[in-house]
Structure formats: structure tokens, C-alpha cells
Amino acid sequence: MVNTAPLVMRLVGSSIKIAHRAGHIIRDVMCRGDLGIVEKGKDDLQTEADRSAQRCIVASLSKQFPNVTIIGEEGPSDLNVPDDWLITESNTEFLEKHKCPETLADLKESDVVIWVDPLDGTSEYTQGFLERVTVLIGIAINDRAVGGVIHQPYYKTETGDIGRTIWGLKGCGTGGIAPVKPPSDRFLVTTTRSHSNGIVQSALDALAPDEVLRVGGAGYKVLQLLEGKAHAYVFASAGCKKWDTCAPEAVLEANGGTLTDMLGRHYRYGKDVSFPNSSGVLGTVAGVSHDDVLSKIPETVKQAMNVA
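Here the residue index of a chain counts from 1 through its sequence in written order. Owing to the predicted nature of the model, reporting of local features is limited to residues with pLDDT of at least 70; listing and counting of side-chain atom pairs is limited to 80 or more, with chain, interface and lining totals taken over all residues. The basis for every side-chain value is the complete set of non-hydrogen atoms in the structure, without hydrogens or water.

### Points about the overall build of the protein
To keep things clear, this is the line we draw: Runs of H or I in DSSP of at least four residues are treated as helices and runs of E of at least two as strands, each being numbered from the N terminus. We take the radius of gyration over the C-alpha atoms and set the globule estimate at 2.2 Å times the residue count to the 0.38 power. Only protein chains enter the calculation, and the probe is 1.4 Å; a residue is then buried if its accessible area is under 20% of its type maximum, exposed if over 50%, and partly exposed in between. In this description, contact between two residues means that some pair of their heavy atoms is separated by no more than 4.5 Å.
In terms of helices and strands, the protein carries 9 helices and 13 strands. Its C-alpha atoms give the protein a radius of gyration of 18 Å, within 12% of the compact-globule value 19 Å for 308 residues. Projecting the C-alpha coordinates of the protein onto the three principal axes gives extents of approximately 50 × 45 × 40 Å. Evaluated residue by residue, the protein yields a buried proportion of 55% over its 308 residues. Within the protein, contacts between residues at least 6 apart in sequence are counted, and of these 69% link residues at least 24 apart.

Take a look at the structure:
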């Protein structure tokens, strides 16, 4: 079943397993106590968990899909990893229960670009906001985000287990989460915790939300939309990259939502695109008109975000 499944189904099924293993690595590094923090730039940290989780993800995907392009936040990775980091199986439940969308049934590995953020929310990780940490594996075909996995290493389940994995595939739906509609009598927005500025605030003010949630991590913000805690994800800044949004965009849109830049344009995720999301991020949950939210964004903000 696994070997005969269409490529995109095997990619998602394998990514579910791989992200789960990466989550274990992230928790293991935290338990050891030495995070191995390196400053890559202003407000841009890297830890041993980022590095090790990426090695696990890239080595495992490369082993199974050698001709797929993989772009990870932490740059080129050493693929010589411990045996227990190398995941070679797929999530059989996903493959058995779900049918491949016809539009994605006939793909070659060379058509695929995978964007990996091994630890989205590194600042959150180092400061103890562990529930906001996610592992992101995004699958792009012909420049568009079509599939994604968001794993929360520190999510506490009702059974007491730690960690959960959410997947999304356009034309197939989402799994690992029971989406909740946000309240109908209030308008709630989630935005950045650490990258705010005057333009970000202008966009928020124009939407006049009843409440603004300020948290880190693109993956976590999109999960807030799916959990009914916010109607829109608004970030009028160039602070995130393609690996931050590829998986969240695919998961959100597989559930009927929309994720674009601040001008309503979808980002391109081909192998030759630039990494920064220079025109910001605007996400809306299913049932909220993306165009209506977009129409309220001031022209001054859109002009500031109008970067090719």
C-alpha cells in the first residue's frame, strides 16, 4: 500500500511520522538542559534542537525521496544521522483512510519542493512558551503550497500523551485536529509577539478587533485560527520566510481558509524563489471573507508591503 500510493500521499504520510520524531528530538534537547543557542541575527536564534531536528527531517526525507528539492531554515544539513533519527516508514492510517486528489495523482519527485522549519518559534522555545513551538514541513507543487504538516511537540492531549500532529492536503482535507469556528459576536486577530512596528499596528488598528493575541510562530498562529481562537492572522511586516508559511498555508487552505501576503497574493514556493516573505502575511479562517479583511487594510500599509 505504502509503495504503491501516489507520491504526494507518501510525502504527507512520511512527513507525519518524521515530524513526530523531530518533536521527540526537540524535547530531548530541552531535557538535557543545554540548548546550544547561537545568534544568527537580531531576534533570530538557533538552538541544538533546531539543528538536530532539521538533520532528522532532511535525512529522512532525502532517504525516501532522493529527487525532491528540500529547503530547510538552518541551511545545508549533515545527513549522517543516528539510526533512530532516520525515519523510513509512513503513517499507514493516513494512507489507508484518504484518497489522493486527482489533480495531484501524477507527480514526479522533481515537481516537488519541501520547505522545512524544524523548530518554528525558537524564541518561544528558549523562553519557555513551549505550547507555541511547532515543527513545519510544507509540500509545494508548481510553486504552490499544497500539503503540510504542523507538529506540536509540547501539546498535552486529553489522554496525557505529549505532542500532536496536524496535516493538511488541498483537495483531501485536514487531520489531527477538529477545527472549531471562532465566535460570531466578536472579531479576534492573532499577530506577532516580537516583531511589531508602526505598520503592523496600523493594519491592526484598521481592523478594529475586539481582541489581539500576540504570540510567536506562524504555525501556532494558524492553529489558533483552526481552533477558533482567532478569525484572522495579520502580520504587516517582512519578518517571516517561506519555510514559516508553506505548511501553515497548505493546512489552513485545505480546511477552507486563505493565506496570502498583505496584498492578497499567494506566495510562490518554487526552488528558485527568495526566502523572505517581504509582503507580510494575512490569513483568514474558513467562513471569514478574506477579501473583506483585505479591503480594510489601509493603502499606506499595502504600499509599504508592495515588494515584488
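### Some points on the pattern of salt bridges
Spelled out, the test is: Between Lys or Arg on one side and Asp or Glu on the other, a salt bridge is scored when a side-chain nitrogen of the former is within 4 Å of a carboxyl oxygen of the latter.
The full count for this structure, using the stated rule, is 12 salt bridges. In this structure, Glu253 and Lys170 form a salt bridge, with 2.9 Å as the shortest nitrogen-oxygen distance. Highlighted residues: Glu253 in helix H7 (residues 242-254) and Lys170 in the loop between strand S7 (162-169) and strand S8 (173-175), separated in sequence by 83 residues. Taking the relative accessible area as the measure of exposure, Glu253 reaches 15% and is therefore buried. Put simply, Lys229 and Glu227 hold a salt bridge, and the shortest N to O gap is 3.2 Å. Through salt bridges with shared partners, a single ionic network connects Glu124, Glu131 and Arg132.

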